[in-house]
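Here is how the chains run, residue by residue.
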Amino acid sequence: MIYTTDAIESLNRSLRKVLKTKGFFPNEESVYKLLSLALNNIAKKWMMPIRDWKAALMHFAIEFPDRFPQFSSMSYTRKLTLSNNLLTDWQNFSH
């Protein structure tokens, strides 16, 4: 889960980093222009696909099968196989 304050803090940190590296601005318009360009670059990162979403989705489906009708119709053996594969993937990812 991503909390709103985390996103705001991340945005503020990114903007401060941009402003700090520049140091000096000839006028107020140059500050706004730099911040506008920085916001465009930051927004591109927000539109990227979520990393490891498929594994997370499978984990949610295992934990909350009633919320995933397509998963609840699977046999117990298939669920167990998916669960074991997910666990193996997670162990490989975390090491």
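To be clear, the structure that these remarks concern was listed above.
Conventions we followed
Per chain, residues are indexed from 1 in the order of the written sequence. Only residues with pLDDT of at least 70 are given local features in this predicted model, and only at 80 or more are side-chain atom pairs given and counted; all residues enter the totals for whole chains, interfaces and linings. The basis for every side-chain value is the complete set of heavy atoms in the structure, and neither hydrogens nor water enter the calculation. Only runs of H or I of at least four residues qualify as helices and only runs of E of at least two qualify as strands under DSSP, and these elements are numbered from the N terminus. Relative accessible area decides the class of each residue, using a 1.4 Å probe on protein chains only: under 20% of the type maximum gives buried, over 50% gives exposed, and in between gives partly exposed. For this analysis, residues touch if any pair of their heavy atoms sits within 4.5 Å. Like-charged residues within 9 Å of one another, or nonpolar side chains (Val, Leu, Ile, Met, Phe, Trp, Tyr) within 5 Å, are grouped into patches, provided each residue has over 30% relative accessible area and no salt bridge. Per-residue and other accessible areas follow the Shrake-Rupley method at a 1.4 Å probe size, with only the shown protein chains counted as cover for residues. Think of a salt bridge as a Lys or Arg side-chain nitrogen and an Asp or Glu carboxyl oxygen that are within 4 Å of each other. Expected span of a helix: the number of residues minus one, times 1.5 Å. Along the arc lie the directions from the helix axis toward the C-beta atoms. In protein, a polar contact requires one atom able to donate a hydrogen and another able to accept it; more generally it is a pair of N or O atoms within 3.5 Å, and residues adjacent in sequence count only if both atoms are side-chain atoms.

For the chain, the helix and strand inventory stands at five helices and zero strands. Along the chain, helices (α) and strands (β) appear in the sequence α-α-α-α-α when read from the amino end. Taking all 95 residues of the chain together, 11% fall into the buried category. Pairs at least 24 residues apart make up 33% of the contacts formed inside the chain by residues separated by at least 6 positions.

Glancing now at the environment of Ile-42. One can find Ile-42 in helix 2 (residues 28-46). Taking the C-alpha atoms as reference, Ile-42 lies 7.6 Å from Leu-11; in sequence the two are 31 residues apart.

What follows is about a nonpolar patch on the surface. Residues Trp-53, Leu-57, Phe-60 and Phe-64 make up a contiguous nonpolar surface patch of roughly 360 Å² in combined accessible area. Mapping Trp-53 onto the fold places it in helix 3 (residues 53-63).

Moving on: helix 2. In an α-helix, one turn spans 3.6 residues, which is why side chains three or four residues apart end up on the same side. In this model helix 2 runs 27 Å from its N-terminal to its C-terminal C-alpha over 19 residues, within 8% of the 27 Å that 1.5 Å per residue would give. Residues of helix 2 that are buried include every one of Ser-30, Leu-35, Ala-38 and Ile-42, and no others. Along the long axis of helix 2, the arc covered by the buried residues comes to 125 degrees, so they all point the same way. Across helix 2 from its buried face, at more than 90 degrees, point the exposed residues Glu-29, Tyr-32, Lys-33 and Lys-44. A side-chain oxygen of the first residue of helix 2 lies 3.3 Å from the backbone nitrogen of Glu-29; this N-cap is Asn-27.

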